Amino acid sequence: MKSRHLAQGSLVLVLGGCSPSFDQGGRETERAAAPVPEAVIQLAAPYQDLTTARLRAEDGCYWYLHSGPVETTLLPLRTVEGRPICTASSPAVSG
C-alpha cells in the first residue's frame, strides 16, 4: 500500500514538470525568450544577468531574473546611469 502511494506521488511530481509555467496573474509565460540585441547588451549595467534578460510585451522594457539570497525575481534591465532599457515604441517610463 505504501509503495502505491509513493508511486502515485512520484507520478504527480514527474507530470508536474511537463506542465506550462504561469505567472502570478495566471497567464502562461513565454517558452523561449528572444535573444537580447547587441545594442541592449552594450547599454546594460554590468551587474545584471543578461543570460536571463527578455523583452516583456506588457511594457516594452527588458527585464532579467535577479537571484537574491532569499528569492529570484524579475527586475528591470537598467543602464549604468540607472535608467530602464525599453524599446522606442514602449510607453514613457518614469523613474
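Here, the structure is the one placed above.
Along every chain, residues carry numbers that run from 1 in the direction the sequence is written. In view of the model being predicted, local features appear only for residues whose pLDDT reaches at least 70, and side-chain atom pairs are presented and counted only at 80 or more, with totals across whole chains, interfaces and linings using the full set of residues. Calculation of side-chain values draws on the structure's entire complement of heavy atoms; hydrogens and water are dropped beforehand.

Caption draft 1: Fine view of the sheet that holds strand β1 (residues 54–56). Two strands make a pair as long as DSSP finds a minimum of two bridges between them. A run of H or I in DSSP becomes a helix once it reaches four residues, and a run of E becomes a strand once it reaches two; helices and strands are each numbered from the N terminus. Sheet architecture is open: three strands sit in the order β1-β2-β3, paired in antiparallel fashion. Edge positions in the sheet fall to β1 and β3 (72–76), since each has one partner strand and no second. Strand-to-strand twist across the sheet, computed as the mean angle between neighbouring axes with direction ignored, equals 45 degrees. Bridge analysis of β1 against strand β2 (residues 61–67) gives three bridges, and the strand direction is antiparallel. Note on β2: the bridge partner recorded for Arg-54 is Trp-63. Axes here refer to lines fitted to C-alpha atoms; in helices the fit is confined to the stretch in contact. Angles between the N-to-C directions go from 0 to 180 degrees.

Caption draft 2: Representation of the state of the cysteines within the structure. Any pair of cysteine sulfurs within 2.5 Å is marked as a disulfide. Enumeration according to the criterion identifies one disulfide in this entry. Two residues, Cys-61 and Cys-86, share a disulfide whose sulfurs are 1.9 Å apart. Its S-S torsion of approximately 90 degrees makes the covalent link between Cys-61 and Cys-86 right-handed. Of this pair, Cys-61 sits in strand β2 while Cys-86 sits in the segment after β3, placing them 25 residues apart in sequence.

Caption draft 3: Representation of the environment of Pro-37 in the model. Of note, Pro-37 is situated in the loop between α1 (2–16) and α2 (38–43). Note on Pro-37: relative accessible area 35%, which makes it partly exposed. Counting along the chain gives 17 residues from Pro-37 to Arg-54, while the straight-line C-alpha distance between them is 10.0 Å. Burial here depends on accessible area, computed with a 1.4 Å probe over protein chains only, as a share of the maximum for the residue type. Under 20% is buried, over 50% is exposed, and the range in between is partly exposed.

Caption draft 4: Focus on the packing of aromatic side chains. Any pair of Phe, Tyr and Trp rings, taking the six-membered ring for Trp, is counted once the centres come within 6.5 Å. Such a pair is stacked with planes under 30 degrees apart, edge-to-face with planes over 60 apart, and tilted for the rest. Inspection of every chain in the model, using the stated rule, returns zero aromatic pairs. Charges are assigned to positions over rings by a cutoff of 6 Å between ring centre and Lys NZ or Arg CZ, combined with an angular limit of 35 degrees from the ring normal. Over the ring of Trp-63 we find Arg-56, and its NZ or CZ is 4.8 Å from the ring centre.

Caption draft 5: Focus on the pairing of β3. As paired elements, β2 and β3 share five bridges and run antiparallel to each other. Looking at β3, one finds that Tyr-64 is bridged to Leu-75.

Caption draft 6: Representation of the pairing of β2. Linking β1 to β2, which pair antiparallel, is a turn of four residues; within it Gly-60 sits at a positive phi near 75 degrees. Between β2 and β3, which pair antiparallel in sequence order, lie four residues.

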